[in-house]
Amino acid sequence: MNELKNKHRADESATDSPDDSDLDGRSPNSKFGRNSGPFLKKIKIKGYDTTDSLPKNLNFSVLDILGIIISVCSFFMDVAFDVLVAVVHYNNGNIWWFTLTVCFIAVPSLTMTGFSLRWYLVDADEKKLPTVSTTRWVLRIIFLVLQMGPLLRYMDSLYFGLKSNRSKPKIQDQVDFYKQMIYEDADATLLRLFECFMEAAPQLVLQLYIYTLSQAASPNFYTWTEIIQLISMFSSLVSMAWALASYQRALRYSLEDKKNMTLCGSVVQVIWRFFDIGSRVLALGLFATVFPNYFFIVCAVRYAVMFMWIRLMGTEFCDNK
């Protein structure tokens, strides 16, 4: 995580900046200082751990634009169907299911908003980054209040990517805008990771449990509620698969010992994640049909065991300073 968020503070014992020759011929005196230009190796810069695995051809392609569009669509599709399911539960008088569904929508959304705001404030304190105008701050606040933090970062990533393409005659400007695009994309994928495990996954498990209960009561009849639940579960599954694949793709940009992910690799990642998660969900569904009363107990035990495992492994997540 720390490598992906390469704007974050590193250890105080980091070495001084390298000579200009380490910058692959790029001028170090840009608006990002030495934190710009494609590096040939991992360089530590006065308290910052900076890696670079940018492609040699800094071209923001149509496929990159398509990836952002798919990310935005999958985000809205997942949230929209979850809200629709909540409305259906409320109209059916299932207040308990309605409350749980709304909680799994609201809590992750507020969490993403909090992290997104925190990252904006950290970036504002970074002198190497360009100053953000008042108008842009107002726009950020509006999007955050509307709980659309990832959408704004995707828009910023698209904006900087297009600016990079238009700045090709000026090599250093192209590099700077391209790196800004990478930063915003990295932030967006991290926010989607929160949404993936705090919203999409719990919603998928919850709606699966409700669906198995309703099917046990009427196995030969599909109600409108069950159809909406199936669509919601499918959208959550697609959103999780895409979010994990996008995160892996963004992570590759910050790992010097890994090649950047190709289009074929991205497709394989999405398919792999889809069937990997789908098989586990299917196993949970089969378990719930036989032992519905123990379903949430198994999920809670699994969550507790994995949480303890992560803590024992000493995993650090999103250190800012």
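Along each chain, residues carry numbers from 1 onward, in the same order as the chain's sequence is written. Given that the model is predicted, a residue must reach a pLDDT of at least 70 before its local features are reported, and side-chain atom pairs must reach 80 or more before they are shown or counted; all residues, however, enter totals for whole chains, interfaces and linings. The basis for every side-chain value is the complete set of non-hydrogen atoms in the structure, without hydrogens or water.

The chain carries the name XK-related protein in an unreviewed UniProt entry, which gives Trichonephila inaurata madagascariensis as its organism. Per UniProt, the chain has the following entry under Sequence similarities (unreviewed entry): "Belongs to the XK family." UniProt positions are given in the numbering used here, feature names are shortened, and annotations may be inferred rather than shown by experiment.

Novice: Teacher, can you tell me more about the overall build of the chain here?
Specialist: Each helix corresponds to a stretch of at least 4 residues labelled H or I by DSSP, and each strand to a stretch of at least 2 residues labelled E; elements are numbered beginning at the N terminus. Of the regular secondary structure elements, the chain holds eight helices and two strands. Across the 321 residues that make up the chain, the buried fraction comes to 46%. Whether a residue is buried, partly exposed or exposed follows from its accessible area with a 1.4 Å probe, protein chains only, as a fraction of its type maximum: under 20%, in between, or over 50%, in that order.

Novice: Mind showing me how you'd approach the environment of leucine 146 here?
Specialist: You can see leucine 146 is positioned in the loop between α3 (134-145) and α4 (149-166). The exposure class of leucine 146 is exposed, given its relative accessible area of 52%. When the C-alpha atoms of leucine 146 and serine 109 are compared, they prove to be 9.7 Å apart, with 37 residues separating the residues in sequence.

Novice: Would you mind showing me how to read the UniProt feature "transmembrane region" (unreviewed entry) in the chain here?
Specialist: Mapped onto this numbering, the UniProt entry gives "transmembrane region" (unreviewed entry) at residues 65-89, 95-117, 137-155, 227-247 and 281-305. The distance separating the terminal C-alpha atoms of residues 137-155 is 14 Å; by composition the span is 84% helix and 0% strand. Within the segment residues 227-247, helix and strand shares are 100% and 0% respectively, and the terminal C-alpha atoms sit 30 Å apart.

Novice: Would you mind going over the side chain of serine 236 with me for this structure?
Specialist: Position of serine 236 relative to the elements: it lies in helix α6 (residues 224-252). Taking relative accessible area as the criterion, serine 236 reaches 1% and is therefore assigned buried. Polar contact is defined as a pair of N or O atoms within 3.5 Å, subject to the rule that within protein one atom must be able to donate a hydrogen and the other to accept it, and that residues adjacent in sequence are counted only when both atoms are side-chain atoms. Here the side chain of serine 236 touches aspartate 78 through a polar contact of 3.0 Å, side chain to side chain. In this structure serine 236 touches Asp78, Asp82, Ala200, Gln203 and Leu204, once residues within four positions along its chain are discounted. The contact definition used throughout considers only heavy atoms, calling two residues in contact when any of these lie within 4.5 Å.

Novice: Explain the pattern of salt bridges here, please?
Specialist: Side chains bearing opposite charge may pair, as long as their charged atoms lie close to each other. Each reported salt bridge corresponds to a side-chain nitrogen of Lys or Arg within 4 Å of a carboxyl oxygen of Asp or Glu. Within the structure shown, the criterion is met by six salt bridges. The partner of aspartate 64 in a salt bridge is arginine 249, with the nearest N and O atoms 2.7 Å apart. With aspartate 64 in helix α1 (residues 62-91) and arginine 249 in helix α6, this pair connects stretches of sequence that are 185 residues apart. Take arginine 249: its relative accessible area is 25%, and that puts it in the partly exposed class. Close ionic contact of aspartate 156 with arginine 136 constitutes a salt bridge, the shortest N to O distance being 2.4 Å. Pair noted here: aspartate 156 is in helix α4 and arginine 136 is in helix α3, with a separation of 20 residues, a long-range link. Given the relative accessible area of 5%, aspartate 156 is considered buried. Here the salt bridges do not stand alone but share partners, grouping Arg153, Glu184 and Asp187 into one network.

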